[in-house]
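Here's the letter readout for the chains.
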Amino acid sequence: MILRLKPHISEDIVLDLARRTESCVVQKPGGSWLITPSKLKLVPEFCESYVDSFWVADSDIQLAARSFEPETATIRTPLTQLGGDSSHTLLIAGPCSLESREQIEQTAGLLKELNISTLRAGCYKPRTSPYSFQGMGLEGLKLLAEIRGKYGLQIITEVRDYSHVHEVIEYADIIQVGAKAMYDQGILRACGKARKPVLIKRGFGTTLQEFVQAAEFVLSGGNSQVMLCERGIRTFETKTRFTLDLCGVAWLKAYCNLPLVLDPSHAMGYAYGVPDLTRACVAMGVDGLLIEVHPSPEKALSDAAQQLDHDTFRTLKKSLSSIAEAVGRKIV
Ligand code: PEP
Ligand code: MN
């Protein structure tokens, strides 16, 4: 249940009501909101005189429920916005890992050439083996921030674990919480206190309910700037790396008010399928795309098989505008 309290109620009273209803408190411009467990279906008597309006939830998808807030949330990034009434499909591109100055300069150059504003590169990589490249860490973050300034881009980079979440929050324009990190409540709670957009990727064994509930940790922590990213789930199929759950995307569009970003690169796992899959994603009428691109994919230190080379990416980019237009969207 969401209880919108009347304005000007003292903090002591708000905290007491929150304790008695086992709620999270979210501060809003018009007053505090209490987000109670969804099993509560009636306004408790001791709250009645403080409540302006209320909404009854049918599950712990509450702040992100379209039945609570029908409008898609607006996400404000330094260079553009998505969701809300923007009809933008934000193209996010870059290598899986930031590997060197030369590599990231080449990528930034490509993005500028193609009028793309959002550069993505991982500095803390959540690898499945401790013996694989783990990312450049803080040195990479500083380099990425330098490239942002030099090329006039905005940057998104991922958090691997809680130990560096505050570093990523400080340097990134958009914070990426990866498929493996999305269950880490330390990370989610830190993102809830951040005042920057957060992109949460769906774990490959995560139900849609669990996925949106991960977002609820951030929303109920006071950060309304959350996007969801479908990046493929694990099925019985082994010919592709994962299976992009477009049915899940249709469900999220219908029942959830958070902007949706689709990542065909990790879902497919192989570059040959990424362009077609990307076009299918655009046709779904989504708010963003995340595509991995590398100056020399065969030399990439992570996810080498799925990254597009620059020429393939150029050709792909050209083909997207007309599809976006057909579904009332604009690639930005
Ligand atoms: C990535 O975006 O490079 C990545 C590691 O993705 P995921 O968390 O979806 O596996
Ligand atoms: Mn990757």
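Calculation notes
- Residues numbered from 1 in each chain as written.
- Chains lettered and ligands numbered in written order.
- Predicted model: local features only at pLDDT ≥ 70, side-chain atom pairs only at ≥ 80, totals over all residues.
- Heavy atoms only, no water.
- Helix = DSSP H or I, 4+ residues; strand = E, 2+ residues; numbered from the N terminus.
- Buried < 20%, exposed > 50% of the residue type's maximum accessible area, 1.4 Å probe, protein only.
- Contact = heavy atoms within 4.5 Å.
- Areas by Shrake-Rupley, 256 points an atom, 1.4 Å probe, with all protein chains shown as cover.
- Polar contact = N/O pair within 3.5 Å; in protein donor to acceptor, adjacent residues only side chain to side chain.
- Pairing = 2+ DSSP bridges.
- Axes fitted to C-alpha atoms, helices over the stretch in contact; angles between N-to-C directions.
- Donors = N, O, S within 2.8 Å, 3.2 Å for Na, K, Ca; no water.
- Salt bridge = Lys/Arg side-chain N within 4 Å of Asp/Glu carboxyl O.
- Parallel < 35°, antiparallel > 145°, perpendicular 65-115°, else oblique.
- Left-handed = near helix turned anticlockwise from the far one by under 90°.
- Near = heavy atom within 4 Å.
- Core = buried A, V, L, I, M, F, W, Y, C linked by side-chain atoms within 4.5 Å.
- Nonpolar A, V, L, I, M, F, W, Y, C, P; charged D, E, K, R; others polar.

Draft legend 1. How the structure looks around the overall build of the protein. Secondary structure summary: the protein contains ten helices and 15 strands in total. Projecting the C-alpha coordinates of the protein onto the three principal axes gives extents of approximately 65 × 40 × 40 Å. Among the 332 residues that make up the protein, the fraction classed as buried is 55%. When contacts within the protein are restricted to residue pairs at least 6 apart in sequence, those whose partners lie at least 24 apart make up 68%. Approximately 14300 Å² of the protein is accessible, and the part contributed by carbon and sulfur atoms is 53%.

Draft legend 2. How the structure looks around helix α5 (residues 185–193). Three or more residues of α5 are buried, namely I187, L188, A190, C191 and G192. Where α5 begins, one side-chain oxygen reaches toward the backbone nitrogen of G186, 2.8 Å away; that side chain belongs to D184.

Draft legend 3. How the structure looks around the sheet that holds strand β1 (residues 2–5). Pairing is antiparallel in the open sheet, where four strands are placed in the order β2-β3-β1-β4. Of all the strands in the sheet, just β2 (24–28) and β4 (51–55) have a single pairing partner and so form its edges. Direction aside, neighbouring strands of the sheet carry axes that sit 20 degrees apart on average. Of the strand pairs in this sheet, β2 and strand β3 (residues 31–35) are connected by five bridges, and their pairing is antiparallel. Counterpart to V25 in the pairing with β3 is L34. Packing against the sheet, helix α1 (residues 11–21) makes contact with β1, β2 and β3, and its axis sits at approximately 10 degrees to β3.

Draft legend 4. View of the coordination of the manganese ion (ligand 2). Only C96 (SG), H266 (NE2), E292 (OE) and D303 (OD) from the protein reach the manganese ion (ligand 2) as donors, at distances of 2.1 to 2.3 Å. Ordering the donors of the manganese ion (ligand 2) by residue number gives the pattern C-x169-H-x25-E-x10-D. Here C96 is found in the loop between β7 (88–94) and α2 (101–113), whereas its partner H266 is found in helix α8 (residues 264–268), with 170 residues between them in sequence. Taken as a pair, C96 and H266 share a single burial class, namely buried.

Draft legend 5. Representation of the pattern of salt bridges in the model. Under the counting rule described, the total for this entry stands at 17 salt bridges. Among the ionic pairs, R241 bridges to D303, the shortest N-O distance being 3.1 Å. Highlighted residues: R241 in the loop between β12 (226–230) and α7 (246–255) and D303 in the loop between β14 (288–292) and α10 (310–326), separated in sequence by 62 residues. Given the relative accessible area of 36%, R241 is considered partly exposed.

Draft legend 6. Quick peek at the packing of helix α6 (residues 208–220) against α7. Interaxial distance between α6 and α7 falls to 11 Å at its minimum, and their mutual angle equals 50 degrees. Considering the angle they form, α6 stands oblique to α7. Classified by chirality, the crossing of α7 by α6 is right-handed. Where α6 abuts α7, its residues L208, F211 and V212 lie against G248, W251 and L252.

Draft legend 7. Structural context of the site of ligand 1. In the vicinity of ligand 1, the contacting residues are C96, R120, K125, E158, Q176, G178, A179, K201, R231, H266 and E292. Contact distances for ligand 1 include 3.2 Å between an oxygen atom and a side-chain N or O atom of E292. For ligand 1, the protein covers 94% of the area, taking 290 Å² as the surface of the free molecule.

Draft legend 8. Looking closely at the nonpolar core. I175, V177, I200, L228, L258 and F313 are the most contacted members of the largest nonpolar core, which totals 82 residues. In terms of residues, this core owes the most to one element, α6, which gives seven residues. Those residues in contact with I200 that lie beyond four places of it in its chain are V177, M182, L188, F211, A214, A215, V218, V226, M227, L228 and C229. Counting residues in each nonpolar core, the second largest holds twelve residues, with L82, I92, I156 and M227 among its members.

Draft legend 9. How the structure looks around the packing of α2 against helix α3 (residues 137–151). One can describe the packing of α2 onto α3 by two numbers: an axis separation of 11 Å at closest approach and a directional angle of 35 degrees. Along this stretch, α2 crosses α3, giving a crossing that reads as right-handed. Contacts between α2 and α3 involve R101, I104, E105, A108, G109 and K112 from the former and L143, L144, E146, I147, K150 and Y151 from the latter. Grouping the amino acids of the contact of α2 with α3 by side-chain chemistry returns six nonpolar, one polar and five charged.

Draft legend 10. Here's a closer look at the side chain of N223. Within the secondary structure layout, N223 lies in the loop between α6 and β12. A polar side-chain atom of N223 sits 3.0 Å from the main-chain carbonyl oxygen of K196.

Draft legend 11. Local environment of the environment of A254. With respect to the element layout, A254 can be found in helix α7. Distance in space between the C-alpha atoms of A254 and S67 is 9.5 Å, their sequence separation being 187 residues.

Draft legend 12. Main features of the environment of V282. Within the fold, V282 resides in helix α9 (residues 274–283). For V282, a relative accessible area of 1% corresponds to the buried category. C-alpha separation for the pair V282 and E158, spaced 124 residues apart in sequence, amounts to 23 Å. Apart from residues no more than four positions distant in its own chain, V282 is found in contact with L289, L320, I323, A324, V327 and I331.

Read these as spatial facts, not as claims about activity.
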